[in-house]
Amino acid sequence: MLLNIDKVQKSYPGGRPVLRDVSLTLDQGQTLALTGESGSGKSTLLNLAAALDSLDGGEITLDGTALSPLDDRGRATLRRQSISLVFQQFNLIPSLTVAQNLSFHARLTGREDTGWTAHLANRLGLSELLPRYPENLSGGQQQRVAIGRAMAAQPKLLLADEPTGNLDETASATVLDLMLSLVADTGAALLLVTHSQDIAARLDRHAHLTGGRIA
Amino acid sequence: MTWAVTQALLSHWRRHRLQLATLLIGIALATGLWSAVQAINAEARASYQRASDQLALGRYDELRDPSGPIPLARYVALRRAGWQVAAVLEGSLQVGDRRVQVLGVDMVTYPALPAVTQVEQSDTPPDPADMLTAPGRLLAAPDLAQTLGVRSDFPPILPSDALPSDLILTDIGVAETLLNQPGQISRLIVLPDQPMGIPPLSEIAPDLERINASTRLDTTQLTDSFHLNLTAFGLLSFAVGLFIVHGTVGLAFAQRRGMIRTLRALGVSMRRLVWMITAELTLLALIGGALGLILGFFLAGALLPDVAATLRGLYGAPVDGQMRLQPEWVVAGLAIALAGTLLASGHALHRLSRMPLLSGAGLQAWRGAASGRRATALIGLALIAGGFVTAYAFEGLVAGFAMVAGILTGAALVLPALLSFALSLLQRGARGPVTQWVWADMRAQLPGLSLALMALLLALAANIGVGTMVSSFRLTFTGWLDQRLTSELYVTAADDQQGQQIAQWLDPQVDAVLPIRSIELAHLSGPLFLYGIVDHQSYRQNWPLIASSDEVWDRVLAGEAVLINEQLARRSNLWPGDDLTLKPDQTLTIAGVYSDYGNPTGQAIVSMAQLDRIAPGADTRRFGIRLAPERATEMAQALRDQFDLPRQAVVQQASMKAQSLAIFDKTFVVTSALNILTLGVAGFAILTSLLTLWTQRLPQIAPVWALGLTRAQLARIELLRSVLLAALTAVLALPLGLVLAWALLAVINVQAFGWRLPMYLFPEDWAYLFALTLLAAFIAAALPALRLLCLPPADLLKVFAYER
Amino acid sequence: MNVKALLFGLLFLLPAPMWAQGYAGLGGSADGFDIPKQGYQFQFPRDHGPHPSFRIEWWYLTANLIGEDGRDYGVQWTLFRSALKPTQTDGWQSPQLWMGHAAVTTPDAHYLAERLSRGGIGQAGVTAAPYEAWIDEWHMRGPDPDTLTLTASGEEFHYDLSLTALGPLVFHGDAGYSVKSADGQASHYYSQPFYDVEGVLYLPDGDVAVTGQGWLDREWSSQPLAEDQSGWDWFSLSFDDGDKLMAFRLRGGRGDFTAATWISADGTATPLPDGSASFIPLETARVEGRDVPVTWQVTLPDYDLDVEVTALTPKAWMATRFEYWEGPVKVSGNRSGRGYLEMTGY
Ligand SMILES: Nc1ncnc2c1ncn2[C@@H]1O[C@H](COP(=O)(O)OP(=O)(O)OP(=O)(O)O)[C@@H](O)[C@H]1O
Ligand SMILES: [Mg+2]
């Protein structure tokens, strides 16, 4: 078991609890779609799993490491080494070129494989765009770079929060296809937040979040 | 609706109090420093104007006797030959601890002076009989009148605020008694209306010299350089202050974009919004301006006494150290605050007005286009070149300052391109991904920071330049004092006769008695003081010659040649080998040029015999005395006792040097104060720029954080970034500062004072300044870094979740 | 004549606002100054010189001249003495002040100059014998007042004249005691109206040799203005038949005060009391912003005189520290002649 979310609770200051008692597991190589109404806490859960935020209760274990005892630095190391993230937007570092963005995470982990990165760029159709800066890319291109960067780091777990939320249908289909095929190729696990039943249907498993619990 | 919109707009400031404070402080600093300088200049200028109006100075030609006072009989003879002249007797008087000038004019023939008119038109006009006959009346500024009032041996005093401080105006008959110079006249002013057919001066009074009003150096001319200097500093501070305003307004607008979009979506027109925001800015400008005026008033009040002392010491310009609040000044201050604020906000306002209703995030637009940067840099280079060309093509102080302004502005404009270039080099050399990102990120941030960095560059360059100038000047001046003040004692006798007695009495007791005798001549370039010297090693060994020909001393002492001071040499372009005409029939070859600081007028030295030939019978009242240094104190006292001389009539070399240096140091107090303030303001500008960039930082930082860097790491990088940019700027500021110093020493000083100074380098000062800069940058970045360190992850996460 | 000039002493240095003050100050006492006495015995040459114990005094010469070009000219040369205190000391602080006025009037222009001086330094003064009155380079000088050289200059003019007296001194009023008001204010006043004049005027248009007749007035006093008097009109007329007339009118709130002296060609002087002469302004001209009468009807029934007196030019305004009108006139009517007119207080 790669990811084990166990009775997790989370509330924001001054608000009702968002996650009351959420449990979920994800195995190596598995893909899981997380759906739920807007505001149901999908992003919150994903961020917790990504060690970006701290839990109020319960525990999340990633590849045998419990997250809650970790300090800021420990979590940063975990993110760097084991997790890749793709968000709805603002994934890229604005001051770096597409090429630099692509390899940035991999270089942070020290696992840079230039051949693999070039292959990814090729597969994602980014070869032409390498010297450009993110602000000069379309939304779909940006998301492809984000996926490329995520995969270049060869993560164990890929977390994606509505990666196609900003895109039109064709673009979103392309992006999703690429992501799924890359995940399949590398054997990484995928937790994907989405609103779309169609997308959810293409993944191995499906979880629905409502009332702070997995239905 | 207007009210609702107003409330919405103003609510922003309630939530961002620090920002509001920063904006107001920025406006206040800019207005304050500028207004302070304006107030100081205006006050000093008003003082000269008052003095020259009050005393009708510089309006008439004058007749003088180079060898001393003019006897009364000569005045009557001139009058009876038809010459319309008015007599003036001047002198100084010690009253308690104050030294006051006495100006005695023939009230009957002298042109009406404002003070006299004022007194006569008052409710209780004095009887003319009292003014003109014994004991007479003294007119003095109210505070001096009070001081004088306690002296029972003085004639009654009439206070008048139409007089400069430290001056007593009275009838010449009264002045004769007061100064104990019966039958003597210092100078005659030539009245504007002269009758037909008067004989030429050379026929009836060949010993008198006519000095044209235009060739007399007037105070305004002399002090222009000083004021230009202050104005330049004021402008610099103002510009630096505006950087702060620009930064803060930019931030406030960026943060209010969302609100404005919503307001527009709700049907408020853009025109209305722009109008209302302009009104809001106007209000803020007025509040900030008012604060600035208060600041400026007190700053000027604090600096004015030093300025007054400087102007009095350096130029003998009459300035009272009192600040008066002028309504024009207040209006001008508020206007400049408003103009500055609108200028600094214009860009942001323009961008806001162009913002499409449904725009995306758009924050990335802060990245400056490389082409724009190149164009700016080219303009900068052109300005620098233009500056140099101006200085070479045109003469004069204004050209000098134009050059400095061109170089400084040009360098500031080139700065972003230079920094960007430096960063791209560093980026290329960088190995790790994080370092690479840091450099890239810094480059990306440059446009937002460059204004603040330009401000820093200017402040630093000004500091280095002015500091180098002052220190070089001081070093030169100290060395020059050592050369120039060779005598151990200097004594001033009451009159020629006492002078002779003193010389006789001293002769057997000391190594040498060197008479110091001088007369005032008129030269094309202005008044010229001619000194006579006797042959002595003191001169041959020590005199600070900067240009000389062979056997300079032998030729001067043989009466064949003359030495002139640097001011005269540069002003009239006279150098060794040229001729100097002292009087129509007295022309001597120039054998050498000597440096002569702290003196605005021309000077020349001839042998004592030659001086006697030019002006027979000139008084010798001053002497330099050479003796063993350890005997100086004892001899000074002996002299005072023997001849009943007042304390200040016998001065020791050491105290003379100390006094000179004290005056010197005072001269630059204002300059250094403004220097430090400018640097402080530049530091503050960096802080505000960083705060401005803060909101725009999150989208830059959040992805990096998400990819596995801790907030502590990022905070450290923030600090490092600011310090590094400051350091780079400081490194670039050093050569700029040295160029500025060179310009000040070799161009401005020559134009303003008539002397060129050697340039010395003071690396310790640079190191100190460098450290100070890094500290300032560190402090400025500390607040944003601390904020980053304590930032809840949720805030970073918002970047990914919400559209901004 | 020139009564108001008494005020010059206080007005020397002071602009208009002091006028009222000085005027009021004069109304009362004489502040230790001597006062003219009836029956005073003149002594010459002593009385040609200054009288420092009196407040005000003048040497006042006017001349009607004809140039070689046939044009009429008028010349004025006046030295005023004004004492701040009735004493005399040497040096700047002497209370005796001097003021000179000089003018040349042509049919179409008027040139004037003014000089000021202190009394104790030699820049201005008067000595009785040899006779000299001077201020700066201006002087009226001779062994005695019968033969004089006269010179003055301004920015635009200069004149050198020589004067020879062809008749005796004339004493006005009661043997030189001239009453100026019904209240009895008076001055010591005598004249030499019989000068034959010749010389040269140097004017912007060129030099002109001139000949003509001159009239010197000598007057001193301390307190002559009555409180209600605001100005005067003073005439010195020389008729073609050799008779002369000095006549003045002091304009007062309580009525005018007039006096005159008829001087026959042989120098016999007949004083005429208040009311003997009448003066009617016939025509005024606008000069320097004021309306000044420039044509007068002067009648003197005792001598069957009824003449019209017309200014050579209205421009003869003396724009000096204290302003007045002083210029040459022509006389026509039942007698003809020339003369000088002075008008103050307009
Ligand atoms: N930083 C925050 N502070 C306070 N409340 C927050 C914060 N972030 C999220 N919330 C609240 O927590 C709840 C869950 O938010 P979350 O973003 O996880 O929802 P979501 O399921 O991802 O919604 P969507 O489908 O719209 O993205 C919401 O009610 C939201 O308002
Ligand atoms: Mg979400």
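Within an unreviewed UniProt entry, the label attached to chain C reads Hydroxyneurosporene synthase (CrtC), and the organism entered is Ruegeria meonggei.

You'll find chain B entered in an unreviewed UniProt entry as FtsX-like permease family protein, with Ruegeria meonggei given as the organism. Regarding chain B, the relevant UniProt record gives this comment under Subcellular location (unreviewed entry): "Cell membrane".

Draft legend 1. Spatial organisation of the sheet that holds strand 9 (residues 187–190) of chain B. All names here are of chain B. Sheet architecture is open: 8 strands sit in the order 6-5-7-4-3-9-1-10, paired in mixed fashion. Of all strands in the sheet, those with a lone pairing partner are strand 6 (157–159) and strand 10 (209–211), marking the two edges. Here the strands of the sheet are splayed against their neighbours by 30° on average, with no regard to which way each runs. Of the strand pairs in this sheet, strand 3 (residues 85–95) and strand 4 (residues 98–105) are connected by 8 bridges, and their pairing is antiparallel. Pairing of Gly 91 across the sheet is with Val 102, part of strand 4. The sheet strands contacting helix 3 (residues 72–80) are strand 1 (61–64), strand 3 and strand 9, and the helix crosses strand 3 at an angle near 155°. Docked against the sheet, helix 6 (residues 142–149) engages strand 3, strand 4, strand 5 (138–140), strand 6 and strand 7 (167–171), running at close to 160° with respect to strand 6.

Draft legend 2. Looking closely at the packing of helix 13 (residues 397–429) of chain B against helix 14 (residues 433–484) of chain B. Residues and elements named next belong to chain B. At a minimum axis distance of 9 Å, the contact between helix 13 and helix 14 shows a crossing angle of 155°. With respect to each other, helix 13 and helix 14 are oriented roughly antiparallel. Seen from above, helix 13 lies across helix 14 with right-handed handedness. On helix 14, the residues that touch Leu 408, Ala 411, Ala 412, Leu 413, Leu 415, Pro 416, Leu 419, Ser 420, Leu 423, Ser 424, Leu 426 and Gln 427 of helix 13 are Gln 436, Trp 439, Ala 440, Met 442, Arg 443, Leu 446, Ser 450, Leu 453, Met 454, Leu 457, Leu 458 and Ala 461. Classifying every residue of the contact of helix 13 with helix 14 by side-chain character gives 18 nonpolar, 5 polar and 1 charged.

Draft legend 3. Broad picture of helix 5 (residues 139–152) of chain A. Residues and elements named next belong to chain A. Relative to the 20 Å expected for 14 residues at 1.5 Å per residue, helix 5 spans 20 Å between its end C-alpha atoms, a close match to the ideal helical length. Counted residue by residue, helix 5 has 12 buried out of 14 residues, so it is predominantly covered. Along helix 5, the residues classified as buried are Gly 140, Gln 141, Gln 143, Arg 144, Val 145, Ala 146, Ile 147, Gly 148, Arg 149, Ala 150, Met 151 and Ala 152. Looking at the buried side of helix 5, the elements it contacts are strand 6 (83–86), helix 3 (98–109), helix 4 (114–123), strand 7 (157–161) and helix 6 (169–186). One or two steps after helix 5, the chain reaches Gln 154, where phi turns positive at roughly 45°.

Draft legend 4. Looking closely at the confidence of the model for chain B. Residue and element names in this part refer to chain B. Here chain B shows a mean pLDDT of 81. Residues at 70 or above account for 90%. The secondary-structure element of chain B with the lowest mean pLDDT is helix 9 (residues 219–265), recorded at 72, while helix 3 shows the highest, at 94. Throughout residues 358–369 the model reports pLDDT below 50, and contacts reaching past four residues in sequence, or to other chains, amount to 23 contacts.

Draft legend 5. Seen up close, a negative patch on the surface. Residues Glu 283, Asp 304, Asp 306 and Glu 308 of chain C make up a contiguous surface patch of negative charge. Along the chain, the position of Glu 308 of chain C falls in strand 20 (residues 305–311).

Draft legend 6. Summary view of the interface of chain B and chain A. Listed by partner, the interface residues are 31 residues for chain B and 27 residues for chain A. Of the roughly 2700 Å² buried where chain B meets chain A, counting both sides, 60% is carbon and sulfur surface. The interface formed by chain B and chain A holds 1 salt bridge in total. Linking Arg 711 of chain B and Asp 72 of chain A is a salt bridge whose minimum nitrogen-to-oxygen distance equals 3.4 Å. For the pair chain B and chain A, the interface holds 6 residue pairs in polar contact (both at pLDDT 80 or more). Residue assignment for the side of chain B that touches chain A shows that the elements contributing at least two residues are helix 14, helix 22 (669–706) and helix 25 (793–801) of chain B. If you tally residues by element for the side of chain B that touches chain A, the top one is helix 14 of chain B, at 7 residues.

Draft legend 7. Up close: the site of ligand 1. In the region of ligand 1, 13 residues are neighbours, and Ser 38, Gly 39, Lys 42, Ser 43 and Thr 44 of chain A sit closest. Near ligand 1, the surrounding residues belong to chains A and B. Residue Lys 42 of chain A places a side-chain N or O atom 2.7 Å away from an oxygen atom belonging to ligand 1. Protein burial of ligand 1: of its 630 Å² of free accessible surface, 66% is covered by the chains.

Draft legend 8. How the structure looks around the pairing of strand 4 (residues 57–62) of chain A. Residue and element names in this part refer to chain A. Taken together, the 5 bridges between strand 1 (residues 3–11) and strand 4 define a ladder with antiparallel strand orientation. Counted as the bridge partner of Leu 3 is Leu 62 from strand 4. Looking at chain direction, strand 4 and strand 5 (residues 65–66) are connected through 2 bridges and run antiparallel. Counted as the bridge partner of Thr 61 is Ala 66 from strand 5. Here strand 4 folds back onto strand 5, and the loop between the two strands holds 2 residues, one of which, Asp 63, carries a positive phi near 50°.

Draft legend 9. Looking closely at the nonpolar core. Leu 3 and Leu 159 of chain A together with Trp 437 of chain B are the most contacted members of the largest nonpolar core, which has 151 residues in total. When residues of this core are assigned to their parent elements, the largest contribution, 26 residues, is made by helix 14 of chain B. When neighbours within four sequence positions are excluded, Trp 437 of chain B is seen to be in contact with Ile 93, Ser 95, Leu 96 and Phe 104 of chain A together with Gln 700, Val 704, Leu 714 and Ile 717 of chain B.

The rules behind these values
- Residues numbered from 1 in each chain as written.
- Chains lettered and ligands numbered in written order.
- Predicted model: local features only at pLDDT ≥ 70, side-chain atom pairs only at ≥ 80, totals over all residues.
- Heavy atoms only, no water.
- UniProt positions renumbered as here; feature names shortened; annotations may be inferred.
- Pairing = 2+ DSSP bridges.
- Helix = DSSP H or I, 4+ residues; strand = E, 2+ residues; numbered from the N terminus.
- Axes fitted to C-alpha atoms, helices over the stretch in contact; angles between N-to-C directions.
- Contact = heavy atoms within 4.5 Å.
- Parallel < 35°, antiparallel > 145°, perpendicular 65-115°, else oblique.
- Left-handed = near helix turned anticlockwise from the far one by under 90°.
- Nonpolar A, V, L, I, M, F, W, Y, C, P; charged D, E, K, R; others polar.
- Expected span 1.5 Å × (residues − 1).
- Buried < 20%, exposed > 50% of the residue type's maximum accessible area, 1.4 Å probe, protein only.
- pLDDT = per-residue confidence, 0-100.
- Patch = residues over 30% accessible without salt bridge, like charges linked within 9 Å, V, L, I, M, F, W, Y side chains within 5 Å.
- Areas by Shrake-Rupley, 256 points an atom, 1.4 Å probe, with all protein chains shown as cover.
- Salt bridge = Lys/Arg side-chain N within 4 Å of Asp/Glu carboxyl O.
- Lys, Arg positive; Asp, Glu negative; His and termini not counted.
- Charge placed at Lys NZ, Arg CZ, Asp CG, Glu CD.
- Buried area = accessible area lost by both parts, 1.4 Å probe.
- Polar contact = N/O pair within 3.5 Å; in protein donor to acceptor, adjacent residues only side chain to side chain.
- Near = heavy atom within 4 Å.
- Core = buried A, V, L, I, M, F, W, Y, C linked by side-chain atoms within 4.5 Å.

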